[in-house]
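# A closer look at the structure
These are the residues of each chain, in order.
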Amino acid sequence: MFTQHSACCMTVFEGEGTGRYSDPDHQHGSLNFPAMHTHVVKIEIAVESKDSDNVIDIIKKYGKTGHKGDGIAFVCPIEKLIRIRDGKEGAAILK
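Residues numbered from 1 in each chain as written. Predicted model: local features only at pLDDT ≥ 70, side-chain atom pairs only at ≥ 80, totals over all residues. Heavy atoms only, no water.

### Quick look at the confidence of the model for the protein chain
- Across the protein chain, the average pLDDT comes to 77, with 71% of residues at or above 70.
- Within the model, pLDDT remains below 50 along residues 1-6, and this stretch shows 10 contacts once partners closer than five positions in the same chain are excluded. (pLDDT = per-residue confidence, 0-100. Contact = heavy atoms within 4.5 Å.)

### A short note on the pattern of salt bridges
- Per the stated rule, a full pass over the model turns up four salt bridges.
- Residue Glu 44 pairs with Lys 42 through a salt bridge whose shortest N-O separation is 3.2 Å.
- The exposure class of Glu 44 is partly exposed, given its relative accessible area of 37%.
- We note a salt bridge from Lys 50 to Asp 51, for which the minimum N-O separation is 3.5 Å.
- A residue is classified by how much of its surface remains accessible, and Lys 50, at 60% relative accessible area, is exposed.
- With relative accessibility at 7%, the residue Asp 51 sits in the buried group.
- What you see here is one network of salt bridges that share partners, running through Arg 83, Arg 85 and Asp 86. (Salt bridge = Lys/Arg side-chain N within 4 Å of Asp/Glu carboxyl O. Buried < 20%, exposed > 50% of the residue type's maximum accessible area, 1.4 Å probe, protein only.)

### Section: a nonpolar patch on the surface
- Judged by side-chain polarity, Met 10, Val 12, Val 41, Ile 43, Ile 45 and Ile 59 come together as a nonpolar surface patch covering roughly 520 Å² of accessible area.
- Taken together, the elements giving at least two residues each to the nonpolar patch come down to strand 1 (10-17) and strand 2 (38-45).
- Within the fold, Ile 59 resides in helix 1 (residues 52-63).
- Classification of Ile 59 as partly exposed rests on a relative accessible area of 41%. (Patch = residues over 30% accessible without salt bridge, like charges linked within 9 Å, V, L, I, M, F, W, Y side chains within 5 Å. Areas by Shrake-Rupley, 256 points an atom, 1.4 Å probe, with all protein chains shown as cover. Helix = DSSP H or I, 4+ residues; strand = E, 2+ residues; numbered from the N terminus.)

### Describing the side chain of Ser 52
- Mapping Ser 52 onto the fold places it in helix 1.
- Filtering out sequence-adjacent residues up to four positions away, Ser 52 remains in contact with Val 47 and Val 75.

Set out below in structure tokens:
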């Protein structure tokens, strides 16, 4: 389990998406037909590399329903961290 200091904050976005929608006549979904879209939530969490596996394990344990559409976790490197308020840089600003 990760500590509060490992992942203090997260950002949650609500939106809509089409997932793997496909139609042989129209190879893309359209915002003109919102009934074809589903409600989605995107969560962003920035943690140090050593904590990423623990965060993913927690999301998999508590965030899955077992149904199609549970989502995908993307783990990407962060090249640089800068806190806008004071200009402080580095992993220490995650704590």
